[in-house]
Amino acid sequence: MFDTYDNIVILTGSGISAESGIETFRASDGLWAQHHIDDIATLDGYRKDPDLVYSFYNQRFNQLSAPSIQPNDAHIALAELQRDFSGSVTIVTQNIDNLHERGGANNIIHMHGELVKARCEKTLKLFPYKELSKSLKCPCCKKAGNLRPHIVWFNEMPLFMNDIYKALSNADLFIAIGTSGSVYPAADFVNEANRACAHTIEINLDSTHISENFREHRIGQATEEVRELVDELLSRDRQFF
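Throughout this document, residue positions are counted from 1 along each chain, in the order its sequence is written. In keeping with the predicted nature of the model, local features appear solely for residues at pLDDT of at least 70, side-chain atom pairs appear and are counted solely at 80 or more, and the whole-chain, interface and lining totals rest on all residues. Remark: hydrogens and water are excluded; side-chain values derive from all non-hydrogen atoms of the structure.

A.B. asks: An account of the overall build of the chain is needed here, citing residue identities and associated values.
C.D. replies: Only DSSP runs of H or I reaching four residues or more are called helices, and only runs of E reaching two or more are called strands; each is numbered from the N terminus. Check the secondary structure of the chain and you find nine helices and nine strands. Dimensions along the principal axes, computed over C-alpha positions, put the chain at roughly 60 × 35 × 35 Å. Per-residue burial for the chain yields a buried fraction of 51% across its 241 residues. The contact criterion used is simple: two residues touch if any of their non-hydrogen atoms lie within 4.5 Å. Within the chain, counting contacts between residues at least 6 apart in sequence, those at least 24 apart form 66% of the total. Throughout, exposure labels follow a simple rule: accessible area from a 1.4 Å probe, protein chains only, divided by the maximum for the residue type, with under 20% read as buried, over 50% as exposed, and the rest as partly exposed.

So this is what it looks like as structure tokens:
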């Protein structure tokens, strides 16, 4: 990889946060494994038993808030790239944690929502919270039970898709980090980047069923591979700017 770039788009998945101790979506012994997906990750499940859904996301919020959960060097490296790169760096994440922000990055596109925020079902306004419950009153409509987790559930449209596709259409480098390649539409982002003639890199512990769509592959821990790639990109960038 010897080219220079102007517009970098980065997609991150659960693999980048796993090294910080966040349970991945498919963890066999994680919180997800203790519940049926339809009960805690669909609008129907929320309507049927909001207490169960609130409890599930409160558990995840508490886990994220634990002192042991900290951004790792992959998060920090991406923040450095965003800060020091001469061109544009757009970070899109499938993750609902806030480790990118805590690692120093900004303007993260959370396509699946954010665990640290609740959304008013009436006004769609977002609010921070410490614990969700049916008795919690919404700050804007003043009604209890109107706040739901700001999470994109199954059968709901991911957020900011127009912004994401616009960034991909202008990308000359696309990097996917720690993604399974099995969740759409994110799994198709590499094809959008290829159509824009961008160089495409996949960073993962193992190959995925969409690995063949990438031009370059880096196998290993995100903390090691992301740091190495960011150092390469910034070193090359400084030679020309």
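Read on for the rest.
A.B. asks: Account for the sheet that holds strand β5 (residues 126-128), with residues named and values stated.
C.D. replies: Paired through backbone hydrogen bonds, the strands of a sheet run either parallel or antiparallel to each other. Spatial strand order, β5-β4-β6: three strands in an open sheet with antiparallel pairing. Each edge of the sheet is formed by a strand with only one pairing partner; in this case those strands are β5 and β6 (147-151). On average, adjacent strands in this sheet sit at an angle of 45° to one another, irrespective of strand direction. Across the sheet, helix α4 (residues 50-65) touches β4 (113-120) and β6, and the angle it forms with β4 is around 140°. Two strands qualify as a pair provided DSSP detects at least 2 bridges between them. As a rule, the C-alpha atoms of each element are fitted with a line to give its axis, helices using only the stretch in contact, and angles between N-to-C directions run from 0 to 180 degrees.

A.B. asks: I'd like to hear about a negative patch on the surface, residue by residue, with values.
C.D. replies: A patch consists of residues whose relative accessible area exceeds 30% and which take part in no salt bridge; residues with like charges are grouped when within 9 Å of each other, and nonpolar side chains (Val, Leu, Ile, Met, Phe, Trp, Tyr) when within 5 Å. Exposure was quantified through the Shrake-Rupley algorithm and a 1.4 Å probe, taking into account, for residues, occlusion by the shown protein chains and nothing else. When a carboxyl oxygen of Asp or Glu is within 4 Å of a side-chain nitrogen of Lys or Arg, the pair counts as a salt bridge. Positive charges are assigned to Lys and Arg, negative charges to Asp and Glu, while His and the chain termini are left out of the count. Here the site of a charge means NZ on Lys, CZ on Arg, CG on Asp, or CD on Glu. On the surface, D38, D39, D44 and D49 cluster together into a negatively charged patch. Mapping D39 onto the fold places it in helix α2 (residues 37-40).

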